[in-house]
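Structural overview
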Amino acid sequence: MENKFKYILFDFDGTLTDSSEGIFKSLTYAFEFYGHGTPTKELLRKFIGPPLHYSFSNFCGFSDGHCLEMTEKYRERYRKIGYLENRIYDGVREMLRALYENGFVLATASSKPLKFVNDICENLDIKKYFTFLGATAFDNIKESKAFVIEDAMKNLGASKNNTLMVGDRLFDIEGAHTVGIPCCAVLYGFGSREEFEEHHAEYIVEKPADILDIVSKSKEVK
């Protein structure tokens with residue numbers, strides 16, 4: 001027998017780090033600049049996970065042009081200070097190190113622009129654990145979660161039979177299932193058990209260490 005999973009893909013916001021402070025402050029900066037008032041906490045939480053353009057369009061009803069304006073104004077603050085307002089979740093660093101040292105191949109699969117993923121990983125000193133940083137381009141608003149996951153798998157040389165996606169929102173689950181791989185949903189992020197069960201996450205865990213248990217106990221007979 002051998003480990004079923006060799007390649008582990010990670011969402012970023014809400015999965016590896018609590019990035020809410022920088023995201024919320026940058027969103028508020030954009031909303032107030034364009035005269036939309038201060039967004040509610042309920043609205044702000046919806047922005048954790050999906051791409052910004054999707055969120056501005058679907059949660060706020062903004063036109064495509066205004067979505068682009070809001071995104072750029074958000075990034076005006078985020079690229080200066082927001083990306084530094086990031087806290088790695090307790091136990092994540094230890095989980096990544098253990099996976100890496102035990103021969104698993106790790107990558108991110110994030111809807112964040114690559115520059116931010118790279119800069120945050122370097123700032124938190126966790127970039128060394130990742131073979132590939134999967135993320136989006138600044139100017140591409142059509143890169144779905146499934147696209148990012150598939151791109152990461154292609155760069156890693158991974159297959160559907162040996163890859164696990166880890167995330168904290170329904171977008172991670174749906175993206176994984178679109179590509180044809182299972183998803184492990186984490187409760188310490190911004191999603192809920194109800195959300196994960198509704199979207200049929202194969203695994204639901206409460207803490208980062210539980211991810212180690214899943215990949216080490218998932219075996220297949222050759």
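Described below are features of the structure shown in this document. (Residues numbered from 1 in each chain as written. Predicted model: local features only at pLDDT ≥ 70, side-chain atom pairs only at ≥ 80, totals over all residues. Heavy atoms only, no water.)

So, on to the side chain of K112. Along the chain, the position of K112 falls in strand 5 (residues 105-113). A polar atom in the side chain of K112 sits 2.7 Å from the side chain of Y78. With sequence-adjacent residues up to four places away left out, K112 is seen in contact with F12, D13, I23, Y78, V117, I120, A135 and T136. (Helix = DSSP H or I, 4+ residues; strand = E, 2+ residues; numbered from the N terminus. Polar contact = N/O pair within 3.5 Å; in protein donor to acceptor, adjacent residues only side chain to side chain. Contact = heavy atoms within 4.5 Å.)

Time to look at the pairing of strand 2 (residues 7-10). Residue alternation in strand 2 divides its side chains into two sets, Y7 and L9 and I8 and F10, and both sets are buried. Two elements, strand 2 and strand 5, share four bridges in a ladder whose sense is parallel. When the sheet's bridge partners are listed, L9 is paired in strand 5 with A107. Two strands pair when backbone bridges link them, and strand 2 and strand 7 (residues 163-167) are joined in this way by four bridges, in the parallel orientation. If you follow L9 over to strand 7, its bridge partner there is M165. (Buried < 20%, exposed > 50% of the residue type's maximum accessible area, 1.4 Å probe, protein only. Pairing = 2+ DSSP bridges.)

Across the sheet, six strands lie side by side as 6-5-2-7-8-9; this open sheet has parallel pairing. The sheet is open, and its two borders are formed by strand 6 (132-136) and strand 9 (203-205), each paired with just one other strand. Strand-to-strand twist across the sheet, computed as the mean angle between neighbouring axes with direction ignored, equals 20°. Pairing of strand 7 with strand 8 (residues 183-186) involves three bridges; the strand directions are parallel. Note on strand 8: the bridge partner recorded for V166 is C184. (Axes fitted to C-alpha atoms, helices over the stretch in contact; angles between N-to-C directions.)

At a closest axis distance of 8 Å, the pairing of helix 5 (residues 92-101) and helix 10 (residues 208-217) adopts a crossing angle of 25°. Taken together, the axis directions place helix 5 and helix 10 in an arrangement best described as roughly parallel. Facing V92, M95, A98 and L99 of helix 5, the residues of helix 10 in contact are P208, I211, L212 and V215. Of the residues that constitute the contact of helix 5 with helix 10, the class distribution is eight nonpolar, no polar and no charged. (Parallel < 35°, antiparallel > 145°, perpendicular 65-115°, else oblique. Nonpolar A, V, L, I, M, F, W, Y, C, P; charged D, E, K, R; others polar.)

Let's shift gears to the packing of aromatic side chains. As enumerated under the stated definition, the model contains 15 aromatic pairs in all. Seen from their ring centres, F47 and F59 are 6.1 Å apart, and the 70° between their planes marks the pair as edge-to-face. Taken together, the positions of F47 in the loop between helix 2 (41-46) and helix 3 (52-60) and F59 in helix 3 put the pair 12 residues apart, joining distant regions of the chain. Classification of F47 as buried rests on a relative accessible area of 3%. In this structure F59 comes out as partly exposed when scored by relative accessible area, which is 29%. An aromatic cluster is defined as three or more aromatic residues linked by ring pairs; in this entry it consists of F31, F47, Y54, F56, F59, F62 and F171. The positively charged end of K73 is found above the aromatic ring belonging to F33, 3.7 Å away from the centroid. (Phe/Tyr/Trp six-rings, centres within 6.5 Å; stacked < 30°, edge-to-face > 60°. Lys NZ or Arg CZ within 6 Å of the ring centre and 35° of its normal.)

This part covers the pattern of salt bridges. This structure, assessed with the given rule, holds 15 salt bridges. One salt bridge connects D90 with R87, and the closest N-O pair in it is separated by 4.0 Å. Since its relative accessible area comes to 67%, D90 is described here as exposed. For R87, a relative accessible area of 41% translates into the label partly exposed. Close ionic contact of K145 with D172 constitutes a salt bridge, the shortest N to O distance being 2.9 Å. Note that K145 is positioned in helix 7 (residues 145-156) and D172 in helix 8 (residues 170-179), a separation of 27 residues in sequence. Residue K145 is classed as buried on the basis of its relative accessible area, which comes to 8%. In this structure D172 comes out as buried when scored by relative accessible area, which is 3%. (Salt bridge = Lys/Arg side-chain N within 4 Å of Asp/Glu carboxyl O.)

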